[in-house]
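Fold and contact review
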Amino acid sequence: MDLYLIMQSIVDNYGYLGIFLVAFTESFIQPVPPDIFIMGASAFGLNPIISAIVATIGSLFGGLFGHFLGNKLGHPVFIKLFGDKYLIKGEDFFNKYGVWGVTIAGFTPLPYKVIAWLAGIFEMKCIPFSIGTLIGRFPRFLIVAHFGYKAGALFGLTV
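The present account deals with the structure reproduced in this document. (Residues numbered from 1 in each chain as written. Predicted model: local features only at pLDDT ≥ 70, side-chain atom pairs only at ≥ 80, totals over all residues. Heavy atoms only, no water.)

The subject of this paragraph is the packing of helix α6 (residues 99–107) against helix α8 (residues 126–154). The geometry of α6 relative to α8 is characterised by a closest axis approach of 7 Å and an angle of 20° between their N-to-C directions. Relative to α8, the element α6 is oriented roughly parallel. Judged by the twist between their axes, the crossing of α6 over α8 is right-handed. In this structure, α6 contributes Val99, Val102, Thr103, Ala105, Gly106 and Phe107 to the contact, and α8 contributes Pro128, Phe129, Gly132, Thr133, Ile135, Gly136, Arg137, Pro139, Arg140 and Ile143. Looking at the contact of α6 with α8 residue by residue, the classes come out as 9 nonpolar, 5 polar and 2 charged. (Axes fitted to C-alpha atoms, helices over the stretch in contact; angles between N-to-C directions. Helix = DSSP H or I, 4+ residues; strand = E, 2+ residues; numbered from the N terminus. Parallel < 35°, antiparallel > 145°, perpendicular 65-115°, else oblique. Left-handed = near helix turned anticlockwise from the far one by under 90°. Contact = heavy atoms within 4.5 Å. Nonpolar A, V, L, I, M, F, W, Y, C, P; charged D, E, K, R; others polar.)

Quick look at the structure:
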């Protein structure tokens, strides 16, 4: 079974907890973004606002775990997982944008897990990292959840 199907099964079987787990793990290691699951869950009847809040909290905690891993495991493990290229680009990105880089990465398709690890490697404080995460992730997940809810209503999927 591929990773996407595993993540889908988690959301289908566990609802909000499944969204939390997908968002949590995506924020530090697994490659499947939570957006499609948030959208699908909202389309099939889960409350879009609660889905966005749960995904944001999961993403924040996962990001903090990635931050911790980056801080404790540092450059060598990061390079093995993500490659030399991302470390060099990430350092330039952090030097240029700082906490706003976390916000940008949280809202855009930039690989958030890479940013979380790099925030730990470059010793960004947890509070600014958390604020940047919340400012970036919540609006993104809210838009995705709302879109899923509207699509579900349009196609008669929501209850």
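Back to the write-up after that little detour.
In contact at an axis separation of 7 Å, helix α4 (residues 48–82) and helix α5 (residues 84–97) are set at 120° when each is read in the N-to-C sense. Together, His75, Phe78, Ile79 and Phe82 of α4 and Asp84, Tyr86 and Leu87 of α5 make up the contact between the two elements. For the contact of α4 with α5, the class distribution of residues is 5 nonpolar, 1 polar and 1 charged.

The next point concerns helix α2 (residues 16–26). Among the residues of α2, those classed as buried are Gly18, Ile19, Val22, Ala23 and Glu26. Angular distribution of buried residues about the axis of α2 spans 130°; they occupy a single face of the element. (Buried < 20%, exposed > 50% of the residue type's maximum accessible area, 1.4 Å probe, protein only. Arc of directions from axis to C-beta.)

A few words on the side chain of Thr56. Residue position: Thr56 is located in helix α4. On the basis of relative accessibility, which here comes to 3%, the residue Thr56 falls in the buried class.

This brings us to the nonpolar core. By size, the foremost hydrophobic cluster in this structure holds 19 residues, and its most contacted members are Phe78, Phe94, Val102, Leu118 and Phe129. When residues of this core are assigned to their parent elements, the largest contribution, 8 residues, is made by helix α7 (residues 112–121). Once residues within four sequence positions are removed from consideration, Phe129 is found in contact with Gly63, Leu64, His67, Val99, Val102, Tyr112, Ala116, Ala119 and Met124. Within the second largest apolar cluster, 15 residues are counted, among which are Val11, Val22, Phe37 and Ala145. (Core = buried A, V, L, I, M, F, W, Y, C linked by side-chain atoms within 4.5 Å.)

Here we take up the packing of aromatic side chains. Pairs of aromatic rings are described using the distance from one ring centre to the other and the angle between the two planes. Here the structure, examined in full by the defined rule, presents 13 aromatic pairs. With centroids separated by 6.4 Å and ring planes inclined at 50°, the aromatic side chains of Phe78 and Trp117 adopt a geometry described as tilted. Highlighted residues: Phe78 in helix α4 and Trp117 in helix α7, separated in sequence by 39 residues. Here Phe78 and Trp117 have matching classes, each one buried. On the numbers, 6.3 Å between centres and 20° between planes, the contact of Tyr112 with Phe129 is stacked. With Tyr112 in helix α7 and Phe129 in helix α8, the pair connects residues that are 17 residues apart, well separated along the chain. The same class applies to Tyr112 and to Phe129, which are both buried. Within the aromatic cluster, the residues linked to one another by ring pairs are Phe20, Phe24, Phe28, Phe61, Phe65 and Phe68. The lysine or arginine in question, Arg137, covers the ring of Tyr112, its NZ or CZ lying 4.3 Å from the ring centre. (Phe/Tyr/Trp six-rings, centres within 6.5 Å; stacked < 30°, edge-to-face > 60°. Lys NZ or Arg CZ within 6 Å of the ring centre and 35° of its normal.)

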